[in-house]
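Chain and residue survey
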Amino acid sequence: AGRHPYHKAVVSTQSTGDTQRGDILTTEMKNNKCKLAKWTVSSILAGADLLKFGYITRSMPRSSSESIGHAILSTQQFIPKQFAAQISLDMNNAWGILRVIVDKCMQLKDGKYVLYKEPAKPILRIYKVPQNTFEENDDSDVDQD
């Protein structure tokens, strides 16, 4: 099976060791558990052998210039199913959540809907939108042979 692409955790320090790397991962688990869970589920569903994280920093902190690069401090790899256990991610629960969403969608009348997650809240909303929503009417993409 393939490897999952690198994902980054932003680090505010110029150097990192194993202890600091562990601290950073712990902080990311606390502050960005949804992202870590999403990447972990994606790697499991993709059949990836490894999930890799890269720890990076800006070459020149406090600069927003696009010409300033980033430096890779270190990388860390995990076996996806083991990492899922480490972050208390239960795939049965993930499938259960998906099942509830699918069941709710199956109860809706035919139409076009948007599934929206409230930022910073554990709330999903489903909004019905007009049929032509998200469709472009740009004729320049159509071949006129």
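Residues numbered from 1 in each chain as written. Predicted model: local features only at pLDDT ≥ 70, side-chain atom pairs only at ≥ 80, totals over all residues. Heavy atoms only, no water.

A separate point is the overall build of the chain. Within the chain, the regular secondary structure consists of four helices and five strands. Put simply, the chain runs from its N terminus to its C terminus through helices and strands in the order β-α-α-β-β-α-α-β-β. Looking at the 145 residues of the chain, the share that counts as buried comes to 26%. Partitioning the intrachain contacts of the chain with sequence separation of at least 6 by distance along the chain shows that 57% fall at a separation of at least 24. Carbon and sulfur atoms make up 52% of the accessible area of the chain, which amounts to about 11100 Å² in all. (Helix = DSSP H or I, 4+ residues; strand = E, 2+ residues; numbered from the N terminus. Buried < 20%, exposed > 50% of the residue type's maximum accessible area, 1.4 Å probe, protein only. Contact = heavy atoms within 4.5 Å. Areas by Shrake-Rupley, 256 points an atom, 1.4 Å probe, with all protein chains shown as cover.)

Here strand β4 (residues 112-117) runs beside strand β5 (residues 124-129); their pairing, made up of six bridges, is antiparallel. Bridged to Tyr113 within β5 is Lys128. In this antiparallel pair of consecutive strands, β4 and β5, the connection spans six residues, and Ala120 shows a positive phi of 60°. (Pairing = 2+ DSSP bridges.)

So, about unusual backbone geometry. Its identity is not glycine, yet Ser88 carries a phi of approximately 60°, on the positive side. Residue position: Ser88 is located in the loop between α3 (80-86) and α4 (91-106). For Ala120, which is not a glycine, the phi torsion comes out positive at approximately 60°.

If pLDDT is low for a region, its predicted coordinates should not be looked at in detail. Scored by pLDDT, the chain comes out at a mean of 80, with 74% of its residues at no less than 70. Mean pLDDT across the elements of the chain bottoms out in strand β1 (residues 7-10) (48) and peaks in α3 (95). Counted against residues more than four places away or in other chains, residues 1-16, with its pLDDT under 50, gives 52 contacts. (pLDDT = per-residue confidence, 0-100.)

What follows is about the packing of aromatic side chains. As enumerated under the stated definition, the model contains five aromatic pairs in all. The interplanar angle of 50° and the centroid separation of 5.4 Å between the aromatic rings of Phe53 and Phe83 together place this pair among those described as tilted. Note that Phe53 is positioned in strand β2 (residues 51-58) and Phe83 in helix α3, a separation of 30 residues in sequence. Accessibility classification places Phe53 together with Phe83 in one group, the buried group. Grouped by ring-pair contacts, the aromatic residues Trp39, Phe53, Phe78 and Phe83 constitute a single cluster. (Phe/Tyr/Trp six-rings, centres within 6.5 Å; stacked < 30°, edge-to-face > 60°.)

You can see Tyr116 is positioned in strand β4. Not counting residues within four places of it along the chain, the set of residues in contact with Tyr116 comprises Ile123, Leu124, Arg125 and Tyr127.

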